[in-house]
Amino acid sequence: MTATAQTAEEHGAAPGLAAMPEDWSRALAVVAHPDDLEYGVASAVAEWTAGGKEVTYVLATRGEAGIDTLEPAEAARIREAEQRASAAVVGVTDVEFLGHRDGVLEEGPALRRDIAGAIRRHRPELVLTLNHYDTWGDGPGSPWNTPDHRALGRAVLDAVGDAGNRWIFTDQLEQDGVLPWPGVRWVAVAATPTVTHAAAVGEEAARKGLASLLEHRAYIEALTDEDPEAYARSIVYGGLDRYAQRNGGQRAVAFEVHPR
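It should be emphasised that the depicted structure is a prediction, and the values quoted were computed from it without experimental measurement.

*Asks:* Outline the nonpolar core, listing residues and values.
*Replies:* Within the largest apolar cluster, 42 residues are counted, with the highest numbers of intra-cluster contacts made by Trp48, Tyr57, Leu126 and Phe255. No other element matches the six residues that helix α2 (residues 41-50) contributes to this core. If near-sequence neighbours (up to four positions away) are discounted, Phe255 is found in contact with Met20, Val41, Trp48, Leu128, Ala188, Val189, Ala190, Val195, Thr196, His197 and Ala199. Counting 25 residues, the second largest nonpolar core, distinct from the first, contains Val58, Ile119, Val127 and Val160.

Right under this line is the structure:
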């Protein structure tokens, strides 16, 4: 434990967060649904792409079960379009959908295989995903996480190892022509109860993060009666401000980082 962390704990405050690694050029963000990245991570992505880094999005589902008033096929069409527009706002042009069913993702070889294939194709140094823990916080009564998020996040952590092993999912090597990729150096999991690192976010990246979430207008309007911009602003800026105290007063997106 560092002296800074020890002092913070003695005063009842959470310890400071380490800076996110910056010595990488390619990242792959893998999440369950359209909009998952826009509830915070997109602001960090905007900062990274503005600095010349390459980020690709992979979504396990098309979010077809996410709007109660729309049939799944129509919801999937709308949400895929919203996701592509949202990604473009923060400098991401490569967006893939794996085609798993929304709401019933299963942790296991089928999901791991598809994620490992994406890692082998895109060859990232950094892999990003979302909270896979049971809850969204660590206190009593914290909101329960969804089955899709829990299954997806755990599958990502496992698939990173799969992607580097030539004896796992060998059909990809033979049929798809991809090579094993052992080059992932970190997996960064956003919004966990036990974050360790912070990606600092400036005003322009925060603005883009807000605009990115607002591209999911059909989803937001189905989710809440609140004005979409007020709702999105409270989510994005609220999240960035939450970790500022642990990041030297600068807004940040926080991650739990697993070195590989």
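Further notes follow.
*Asks:* Account for the packing of aromatic side chains, with residues named and values stated.
*Replies:* On inspection of all chains with the given rule, the structure shows three aromatic pairs. A centroid spacing of 5.3 Å and a plane angle of 80° characterise the contact between Trp24 and Trp48, whose relative ring orientation is edge-to-face. In this pair, Trp24 sits in the loop between β1 (18-19) and β2 (26-31) while Trp48 sits in helix α2, placing the two residues 24 residues apart along the sequence. In this pair, the class of Trp24 matches that of Trp48, namely buried. Pairing Tyr39 with Tyr231 gives two aromatic rings, centres 6.4 Å apart and planes at 75°, and the pair type is edge-to-face. Here Tyr231 lies in helix α9 (residues 228-242) and Tyr39 lies in the loop between β2 and α2, a separation of 192 residues in the sequence. A residue is classified by how much of its surface remains accessible, and Tyr39, at 29% relative accessible area, is partly exposed. Members of the aromatic cluster, joined through ring pairs, are Trp24, Trp48 and Phe255. Over the face of the ring belonging to Trp24 we find Lys53, whose NZ or CZ atom lies 4.6 Å from the ring centre. The lysine or arginine in question, Arg79, covers the ring of Tyr219, its NZ or CZ lying 4.1 Å from the ring centre.

*Asks:* I'd like to hear about the pattern of salt bridges, residue by residue, with values.
*Replies:* Applying the stated rule across the entire model yields 16 salt bridges. Asp162 is paired through a salt bridge with Arg112; the nearest N and O atoms lie 2.8 Å apart. Highlighted residues: Asp162 in helix α5 (residues 147-163) and Arg112 in helix α4 (residues 109-122), separated in sequence by 50 residues. A relative accessible area of 22% places Arg112 in the partly exposed class.

What counts as what
Residues numbered from 1 in each chain as written. Predicted model: local features only at pLDDT ≥ 70, side-chain atom pairs only at ≥ 80, totals over all residues. Heavy atoms only, no water. Core = buried A, V, L, I, M, F, W, Y, C linked by side-chain atoms within 4.5 Å. Buried < 20%, exposed > 50% of the residue type's maximum accessible area, 1.4 Å probe, protein only. Helix = DSSP H or I, 4+ residues; strand = E, 2+ residues; numbered from the N terminus. Contact = heavy atoms within 4.5 Å. Phe/Tyr/Trp six-rings, centres within 6.5 Å; stacked < 30°, edge-to-face > 60°. Lys NZ or Arg CZ within 6 Å of the ring centre and 35° of its normal. Salt bridge = Lys/Arg side-chain N within 4 Å of Asp/Glu carboxyl O.

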